[in-house]
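# Remarks on the overall topology
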Amino acid sequence: MAELHIVGSIDSGHGFAEAAGLSDLFLKWTLESGPNFRVVQGLSTGQTHCDHPDDAEAAVWSHPLDVHYTLKGIDGWPRISLEVWGVDRFGRNELAGYGVCMVPTTPGLHRLECATWRPSGTLREQLSSAPRELRRSELRAPPPRIARAAARIAPLLTPTLP
């Protein structure tokens, strides 16, 4: 049976403090894979600590990833799903962005940058500061080009995964 080792870290994210007006940024991550993949060792989901960057600085997380899979086939290759969260001026957790990156299929050292986005919501939601989170987690991947206008997304900047 074939094996896959994912070893690395979620280093940082930049642009979230200015773009979303949030402080104390943290990231929730999940390694998603198909039925051909089975986690042998390590965690396939987690959360970083909170960092409080200045407006122009990146949030530094340096969160380790170390997952060992066995696999029967390459269908359902793993991808890392990201949710960046922050604390607003009232102390509430608020979504700063969603992102999805494919795990590279070639061996070696890779540096990934994952573009993020978040629903901008309706005018009423924007004025009332209602939460603008997705109700269904499978929609976290960026919507297709046709659905972009309907989804009302606001592009944000990128967390870095070396």
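Rules behind the numbers
- Residues numbered from 1 in each chain as written.
- Predicted model: local features only at pLDDT ≥ 70, side-chain atom pairs only at ≥ 80, totals over all residues.
- Heavy atoms only, no water.
- Helix = DSSP H or I, 4+ residues; strand = E, 2+ residues; numbered from the N terminus.
- Buried < 20%, exposed > 50% of the residue type's maximum accessible area, 1.4 Å probe, protein only.
- Contact = heavy atoms within 4.5 Å.
- Salt bridge = Lys/Arg side-chain N within 4 Å of Asp/Glu carboxyl O.
- Core = buried A, V, L, I, M, F, W, Y, C linked by side-chain atoms within 4.5 Å.
- Phe/Tyr/Trp six-rings, centres within 6.5 Å; stacked < 30°, edge-to-face > 60°.
- pLDDT = per-residue confidence, 0-100.

The next subject is the overall build of the protein. Counting its secondary structure elements, the protein contains 3 helices and 11 strands. Reading the secondary structure of the protein in the N-to-C direction produces β-α-β-β-β-β-β-β-β-β-α-α-β-β. Classification of the 162 residues of the protein by burial places 41% in the buried group. A separation threshold of at least 6 residues defines the contact pool for the protein, and within that pool the share at least 24 residues apart is 72%.

For the structure shown, the criterion picks out 2 salt bridges. Here R79 makes a salt bridge to E32, at a shortest N to O gap of 2.9 Å. With R79 in strand β6 (residues 79–87) and E32 in strand β2 (residues 23–32), the pair connects residues that are 47 residues apart, well separated along the chain. When its relative accessible area of 22% is taken as the criterion, E32 is described as partly exposed.

Turning our eyes to something else, we now look at the nonpolar core. Counting 24 residues, the largest nonpolar core has W29, L31 and I80 as the members making the most contacts within it. In terms of residue count, the dominant contributor to this core is strand β5 (residues 59–71) (6 residues). Of all hydrophobic cores here, the second largest spans 5 residues; its members include F26, W85, L95 and Y98.

Using the criterion set out here, one finds 3 aromatic pairs in the structure. With a centroid separation of 5.7 Å and 90 degrees between ring planes, the pair formed by F37 and W77 is classed as edge-to-face. Pair noted here: F37 is in strand β3 (residues 37–41) and W77 is in the loop between β5 and β6, with a separation of 40 residues, a long-range link. A relative accessible area of 18% places W77 in the buried class. By the ring-pair criterion, three or more aromatic residues cluster together here, those being F37, Y69 and W77.

Turning to the environment of A58, a few remarks are in order. Among the secondary structure elements, A58 is positioned in the loop between β4 (45–47) and β5. Taking the C-alpha atoms as reference points, A58 and H14, separated by 44 residues in sequence, lie 4.2 Å from one another. Excluding residues that lie within four positions of it along the chain, A58 makes contacts with S12, G13, H14, D51 and P53.

What follows covers the environment of D88. Along the polypeptide, D88 turns up in the loop between β6 and β7 (93–102). For D88, a relative accessible area of 10% gives the class buried. Each C-alpha atom, one on D88 and one on L22, is 5.0 Å from the other, the two residues being 66 residues apart in sequence. In contact with D88, not counting residues within four places along its chain, are L22 and E94.

Turning to the confidence of the model for the protein, a few remarks are in order. For the protein, per-residue confidence averages 78 on the pLDDT scale, and residues scoring 70 or more make up 72% of the total. β3 holds the highest mean pLDDT among the elements of the protein, 97, whereas helix α3 (residues 148–151) holds the lowest, 34. Contacts of residues 143–158 to residues separated by more than four positions or lying in other chains number 40 contacts, the stretch itself having pLDDT below 50.

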